[in-house]
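Take a look at the letters that make up each chain.
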Number of protein chains: 2
Amino acid sequence: MEEQVKEQLIAITGSAYAKTSTAQLLAYSYDATANFQALPDIVLSPSSIEEVQEIVRVCSAHRIPIVSRGSGTNLAAGTTPTSGGVVILFNRMNQILELDEENLTITVQPGVITQEINERVAERGLFYPPDPSSMSISTIGGNVSENSGGLRGLKYGVTRDYVKSLTVVLPSGELLETGGKLAKDVAGYDLTSLFVGSEGTLGIIVEITLGLLPAPITKKTLVVFYDKLERAAETVSSIIAAKIVPATLEFMDQGTITAVEEFMQIGLPTNCEAMLLIEQDGDPEVVERDMEFVHTLCMKQGAISTQLAQTKEEADRLSVARRVALSALARKRPTTILEDATVPRSEIAKMVKAIQEIAVKHNLLICTFGHAGDGNLHPTILTDTRDEEEMARVEMAFADIFDYAISLGGTITGEHGVGEMKAPYLEWKIGKAGIATMKGIKQAIDPLNIMNPGKIFAKSTKKRVVVHNE
Amino acid sequence: MEEQVKEQLIAITGSAYAKTSTAQLLAYSYDATANFQALPDIVLSPSSIEEVQEIVRVCSAHRIPIVSRGSGTNLAAGTTPTSGGVVILFNRMNQILELDEENLTITVQPGVITQEINERVAERGLFYPPDPSSMSISTIGGNVSENSGGLRGLKYGVTRDYVKSLTVVLPSGELLETGGKLAKDVAGYDLTSLFVGSEGTLGIIVEITLGLLPAPITKKTLVVFYDKLERAAETVSSIIAAKIVPATLEFMDQGTITAVEEFMQIGLPTNCEAMLLIEQDGDPEVVERDMEFVHTLCMKQGAISTQLAQTKEEADRLSVARRVALSALARKRPTTILEDATVPRSEIAKMVKAIQEIAVKHNLLICTFGHAGDGNLHPTILTDTRDEEEMARVEMAFADIFDYAISLGGTITGEHGVGEMKAPYLEWKIGKAGIATMKGIKQAIDPLNIMNPGKIFAKSTKKRVVVHNE
């Protein structure tokens with residue numbers, strides 16, 4: 001980046017809010033994804049929409065790449081620079097602007113931490129359902145850009161289902177306002193849904209209005225262990241077949257159970273092939289009835305042990321195993337790579353089995369946990385990026401996992417995004433026509449390709465070694 | 001259209017499924033919108049995706065416009081031809097392909113009547129919530145293309161919220177498959193949501209997978225009358241403020257009440273300024289508690305009369321007034337023009353008042369009913385298209401209504417679509433940047449502009465006489 005351009009950019013935010021030293025830039029050269037890193041030229045913290053517009057206009061004039069970044073918890077290298085340029089932070093645009101109880105909406109700046117939104121609306125008896133595991137540190141701007149999921153996806157959907165309106169700085173610097181505080185709006189194409197999950201590749205989201213729900217009155221938590229994986233999967237299907245949609249329906253495999261037990265020593269049965277964490281929320285009578293029904297059903301499906309929490313403290317204690325899963329696994333090897341291949345709910349048992357076989361085939365340690373209710377699994381490869389030979393096997397294992405997920409009607413990413421990491425696999429899911437359509441949209445909105453370049457679209461698609469034809 | 005091209009098209013479906021006589025073409029020259037009409041050159045009923053692809057390839061080669069048409073219930077001139085070309089009907093692609101109870105999805109062809117989907121899933125204890133008033137005759141393909149709403153929007157959302165996956169024939173003739181039977185999928189841009197509500201302007205939807213819910217166990221119905229409009233509006237706000245989200249929360253103004261009473265003689269109090277129809281569904285205890293609370297609240301808000309149905313028959317009798325509203329109004333003048341300006345829920349009273357003032361200002365008969373819970377109103381102008389002077393006043397009244405709705409944070413169309421009719425007003429809602437972004441997308445996907453040309457995008461934007469700055 002030319003010095004003169006850098007000066008222009010610094011003048012917009014003031015030098016107190018511009019980072020340019022190598023030490024500072026290093027901190028924004030990577031995100032939570034292993035093995036992806038590149039330095040930006042400058043990191044800016046604008047304080048207003050107008051400052052964002054000015055930055056974008058300078059970048060547009062000089063064709064400088066812009067990466068919008070929240071807290072950098074991305075797991076698909078979606079927020080790492082690929083070719084220098086500007087990283088925009090939203091740490092100064094972190095205000096809750098309005099809580100509108102009559103229309104059940106909250107309007108926020110992108111830098112607000114998602115957990116803060118939860119807490120603010122809870123004070124008023126309201127509820128913002130999307131709960132990505134990172135929510136205590138991730139920003140709502142990041143959640144919206146990635147269409148984050150979470151543990152409540154089955155019953156409550158994902159971030160996109162709650163975004164009512166966006167203000168976006170387009171690559172030209174112009175402002176676009178989409179949607180509104182409206183339950184119904186069909187005035188042209190759904191630009192709101194298009195920008196949600198677009199991973200910063202179409203524009204910069206600078207204001208967000210989210211829909212809210214009345215908070216559920218109560219919640220109950222049940223933990224169930226199975227000696228056979230299939231029985232856990234059958235339980236998931238039977239619950240849905242019984243027309244019950246739990247708020248949470250989480251899964252951990254034997255490797256994960258064992259890792260958690262080694263980490264915490266809380267008495268988990270490490271001889272079990274599967275654990276389910278099941279929660280229902282809502283009106284007390286309904287929660288009581290649903291959970292009793294589910295409990296009976298789990299026993300019928302051959303659960304070897306169940307624990308139903310009677311208090312909130314007990315519920316927290318029971319769900320801790322699932323919450324620490326990733327930390328427990330991360331202790332075992334230097335590098336943890338968390339995947340999120342997702343399949344239709346009916347195919348979970350097949351997918352988990354296949355992952356176990358793929359681990360054996362490539363001689364890798366893969367443990368799986370995730371959101372069984374919505375088919376969103378997190379096969380987690382425990383590895384070491386310094387071992388090139390092993391990393392080659394990791395790559396092959398991913399390819400096998402994606403390929404098999406797609407053959408089951410699934411997708412390469414349920415909630416983490418495509419980023420730079422999964423870009424070479426996107427065509428496997430959406431086909432040539434899908435890639436061409438998405439590239440057409442990208443080109444129409446960002447003709448200079450300055451918005452988070454190198455993400456979603458890869459230079460080349462990975463060769464598919466085995467193509468399933470199921 | 002050249003004879004030779006016509007022959008090519010007829011060869012695709014066979015002459016039994018091609019309509020070319022003027023009498024036949026006339027039937028497809030208009031839809032449910034008053035005052036818009038133009039003849040197509042040919043009407044085709046393909047029997048398969050492949051036939052649709054062949055038709056599109058011929059049209060693409062010769063730059064022939066294609067209008068996809070379900071049952072023609074569109075209210076914004078979205079399915080009238082604008083410049084000849086082909087109308088594609090889906091009366092031979094009308095099969096339910098699969099009901100997947102494990103994944104709670106149903107896969108259908110576009111020509112299936114929406115009511116048929118409701119009935120099929122109800123047999124299995126399942127529920128497809130979107131319920132546009134036209135559902136007993138409209139097709140699901142039309143509903144998806146228009147992102148249809150209905151009476152249950154407040155609690156259950158609209159068509160887009162239930163579309164999981166689409167198969168689309170692109171303007172090139174290529175097939176695009178979006179989404180899947182997945183609760184979570186972030187593999188690139190949300191093409192599913194983009195095609196939903198795109199009014200046939202981006203491609204032809206040939207297969208649809210919809211998400212389903214477990215059917216609610218029970219439902220209760222309450223009808224309430226108010227002598228003052230404001231009290232009805234306050235009731236709507238108070239219900240939401242009390243954290244209750246009813247399944248239905250419908251509104252009728254005095255003009256509509258009177259028209260229905262003249263039509264049916266069912267004893268409606270015609271001296272009332274407003275009627276609310278409130279329904280809750282779900283588990284019996286919750287429905288009972290919610291409806292008791294709502295009933296008490298209505299009385300507190302000054303309702304002058306309430307009726308709570310105890311049986312399904314009684315509920316049907318109570319809701320008949322709302323269901324016949326449009327028919328009752330349509331009897332009064334030769335032409336009925338149904339609008340669907342939509343505002344945030346909190347602004348309903350202001351909007352209804354403004355509509356009444358606009359009616360007086362332009363000396364028109366406008367009655368309003370609609371979905372109060374989601375702010376989606378249907379100001380209905382009773383007029384006569386043969387009276388040019390009056391039609392000019394109708395146009396001015398619409399402009400005033402749209403302008404005021406937008407000033408309240410609303411939109412020009414909540415559930416009917418933009419079509420040809422509202423295209424000149426779209427920029428008022430989405431601004432120049434919105435129009436440019438949408439046109440860019442249209443151009444990228446349909447560069448020859450053969451997909452339902454003349455819809456959504458107008459040659460010129462209507463001049464805004466009064467611009468509110470609230």
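Because the structure is predicted, anything quoted here is derived from the model rather than measured. Sequence order as written defines the numbering, with residues in each chain counted from 1. Chain A is the first chain written and ligand 1 is the first ligand written, with later ones labelled in order. Totals for whole chains, interfaces and linings use all residues, but because this is a predicted model, local features are given only for residues with pLDDT of at least 70 and pairs of side-chain atoms are given and counted only at 80 or more. Excluding hydrogens and water, the side-chain figures rest on all heavy atoms present in the structure.

Elements are defined by DSSP. Helices are runs of H or I of four residues or more, strands are runs of E of two residues or more, and each kind is numbered from the N terminus. Looking only at helices and strands, chain A has 15 helices and 18 strands in total. Atoms counted for the radius of gyration: C-alpha only. Globule rule: 2.2 Å times residue count to the power 0.38. Computed over the C-alpha atoms, the radius of gyration of chain A is 23 Å, within 12% of the 23 Å expected from 2.2 N^0.38 for a compact globule of 470 residues. Dimensions of chain A along its principal axes, counting C-alpha atoms only, are 70 × 55 × 40 Å. Relative accessibility under 20% of the residue-type maximum defines a buried residue, over 50% an exposed one, and the middle range a partly exposed one, all with a 1.4 Å probe and only protein chains included. Counting all 470 residues of chain A, 62% fall into the buried class. Reported accessibility uses the Shrake-Rupley method at a 1.4 Å probe radius. Residues are deemed covered only where the shown protein chains occlude them. Of the roughly 17,000 Å² of accessible surface on chain A, a fraction of 49% belongs to carbon and sulfur atoms. Residues scored as charged are limited to Lys and Arg (positive) and Asp and Glu (negative), so that His and the chain ends carry no count. Taken as the charge location is NZ of Lys, CZ of Arg, CG of Asp or CD of Glu. The distance from the centre of the 44 positive side-chain charges to the centre of the 60 negative ones in chain A is 3 Å.

On to the interface of chain B and chain A. Only heavy atoms enter the contact rule, under which two residues are in contact if any of them lie within 4.5 Å. Of the residues lining the interface, 78 residues belong to chain B; the matching set on chain A comes to 78 residues. Once two parts are brought into contact, the accessible area they lose, counted with a 1.4 Å probe and summed over both, makes up the buried area. Summed over both sides, the interface between chain B and chain A buries roughly 6,100 Å², with carbon and sulfur atoms accounting for 61% of that surface. Its largest share of buried area at the contact with chain A, chain B owes to B:Lys184, B:Val186 and B:Tyr189, together 17% of the area lost on that side. A pairing counts as a salt bridge when a side-chain nitrogen of Lys or Arg comes within 4 Å of a carboxyl oxygen of Asp or Glu. Linking chain B with chain A are 14 salt bridges, by the criterion used here. Taking the shortest distance from any N to any O, the salt bridge between B:Arg289 and A:Asp283 comes out at 2.6 Å.

So, about the packing of helix α1 (residues 3-13) of chain A against helix α3 (residues 49-62) of chain A. Residue and element names in this part refer to chain A. Working convention: axes come from line fits to C-alpha atoms, limited for helices to the stretch in contact. Angles between N-to-C directions cover 0 to 180 degrees. Contact geometry of α1 with α3 gives a least axis separation of 9 Å together with a crossing angle of 170 degrees. When the interaxial angle is binned, α1 and α3 end up roughly antiparallel. Note on element contacts: α3 touches α1 through Glu-51, Glu-54, Ile-55, Val-58, Cys-59 and His-62, opposite Val-5, Gln-8, Leu-9, Ile-12 and Thr-13. Across the contact of α1 with α3, the residue classes tally to six nonpolar, three polar and two charged. An angle below 35 degrees is treated as roughly parallel, one above 145 as roughly antiparallel, one from 65 to 115 as roughly perpendicular, and anything else as oblique. As a working rule, the residues Ala, Val, Leu, Ile, Met, Phe, Trp, Tyr, Cys and Pro are called nonpolar, Asp, Glu, Lys and Arg charged, and the rest polar, with Gly in that last group.

Once that is clear, we can look at the relation of the copies chain B and chain A. What sets the superposition is a least-squares fit of C-alpha atoms, and only residues with pLDDT of at least 70 in both copies go into it. For the match of chain B to chain A, the screw axis carries a shift of 0.0 Å, the RMSD comes to 0.0 Å, and the turn is 180 degrees. The two molecules are tied by a two-fold rotation axis, judged by turn and shift. Of the C-alpha atoms belonging to chain B, the one lying closest to the rotation axis is found on B:Ile441, 2.7 Å away. Comparing interface residues between copies, 100% of those in chain B also sit at the interface in chain A, which points to an isologous, same-surface contact.

On to the pattern of salt bridges, then. For the structure shown, the criterion picks out 64 salt bridges over all chains. In this structure, A:Glu288 and A:Lys220 form a salt bridge, with 3.5 Å as the shortest nitrogen-oxygen distance. Of this pair, A:Glu288 sits in helix α10 (residues 284-300) while A:Lys220 sits in strand β12 (residues 218-226); the two residues are 68 residues apart in sequence, bridging distant segments of the chain. Of the charged contacts, one joins B:Glu339 and B:Lys422 as a salt bridge, the two residues approaching to 2.7 Å between their closest N and O atoms. Of this pair, B:Glu339 sits in the loop between β16 (335-338) and α13 (348-361) while B:Lys422 sits in the loop between α14 (388-407) and α15 (426-445), and the two are 83 residues apart along the sequence. Taken as a pair, B:Glu339 and B:Lys422 share a single burial class, namely buried.

Two aromatic rings, drawn from Phe, Tyr or Trp (for Trp, its six-membered ring), form a pair once their centres lie within 6.5 Å of each other, and the interplanar angle then sorts them: stacked below 30 degrees, edge-to-face above 60, tilted otherwise. What the rule picks out here adds up to 12 aromatic pairs over all chains. With 6.0 Å between their ring centres and 80 degrees between their planes, A:Tyr128 and A:Tyr162 make a pair best called edge-to-face. Of this pair, A:Tyr128 sits in the loop between β7 (126-127) and α5 (140-146) while A:Tyr162 sits in the loop between α6 (153-156) and β8 (163-169), placing them 34 residues apart in sequence. Taking relative accessible area as the criterion, A:Tyr162 reaches 9% and is therefore assigned buried. For the pair B:Phe398 and B:Phe402, a centre-to-centre distance of 6.0 Å together with 10 degrees between the ring planes defines the contact as stacked.

Attention now goes to the domain arrangement of chain A. All names here are of chain A. Marked domain ranges trace back to an automatic or database domain assignment. Taken domain by domain, chain A comprises domain 1 (3-89), domain 2 (96-214), domain 3 (218-327) and domain 4 (333-416). Using only C-alpha atoms to locate each centre, domain 1 and domain 2 end up separated by 23 Å. Between domain 1 and domain 2, the contact holds 13 residues from the first and 17 residues from the second. Buried area between domain 1 and domain 2, summed over both chains or domains, comes out near 1,200 Å², and the portion from carbon and sulfur atoms is 61%.

UniProt positions are given in the numbering used here, feature names are shortened, and annotations may be inferred rather than shown by experiment. Look at the UniProt record and you will see "domain: FAD-binding PCMH-type" (unreviewed entry) annotated at residues 36-215 of chain A. Within residues 36-215 of chain A, the helical portion is 22% and the strand portion 24%, while the C-alpha atoms at the span's ends are 40 Å from each other.

With that settled, the discussion passes to the packing of α13(B) against α14(B). When two helices pack together, their arrangement is given by the angle between their axes and by how far apart the axes lie. All names here are of chain B. At a minimum axis separation of 10 Å, α13 and α14 run at an interaxial angle of 155 degrees. With respect to their mutual orientation, α13 and α14 come out roughly antiparallel. Crossing of α13 against α14: the hand is right-handed. Each of Lys-350, Met-351, Ala-354, Ile-355, Ile-358 and Lys-361 in α13 lies in contact with α14, whose residues at this interface are Ala-397, Asp-400, Ile-401, Tyr-404 and Ala-405. Split into classes, the residues belonging to the contact of α13 with α14 amount to eight nonpolar, no polar and three charged. The sense of a crossing depends on the near helix, which, turned anticlockwise from the far helix by less than a right angle, makes the crossing left-handed and, turned clockwise, makes it right-handed.

Residues and elements named next belong to chain B. What makes two strands pair is DSSP finding at least two bridges between them. Here four strands make up an open sheet; going across it, the order is β1-β2-β4-β3 and the pairing mixed. Unpaired on one side and paired on the other, β1 (18-19) and β3 (66-69) mark the two borders of the sheet. Sheet analysis places β1 next to strand β2 (residues 42-44), joined by two bridges and oriented antiparallel. When the bridges of β2 are listed, Lys-19 appears paired with Val-43. With respect to the sheet, helix α1 (residues 3-13) is in contact with β1, β2 and β4 (86-89), its orientation differing from that of β2 by roughly 20 degrees. Set on the sheet, helix α3 (residues 49-62) makes contact with β2, β3 and β4; between it and β4 the angle comes to about 170 degrees.

Here we take up the sheet that holds strand β2 (residues 42-44) of chain A. Residues and elements named next belong to chain A. Within the open sheet, the four strands sit side by side as β1-β2-β4-β3. Their pairing is mixed. At either end of the open sheet lies a strand with only one pairing partner, and these are β1 (18-19) and β3 (66-69). For β2 and strand β4 (residues 86-89), the ladder comprises three bridges, and the chain directions are parallel. Pairing of Ile-42 across the sheet is with Val-86, part of β4. Its contacts with the sheet put α1 on β1, β2 and β4, and the angle it makes with β2 is roughly 20 degrees. Docked against the sheet, α3 engages β2, β3 and β4, running at close to 170 degrees with respect to β4.

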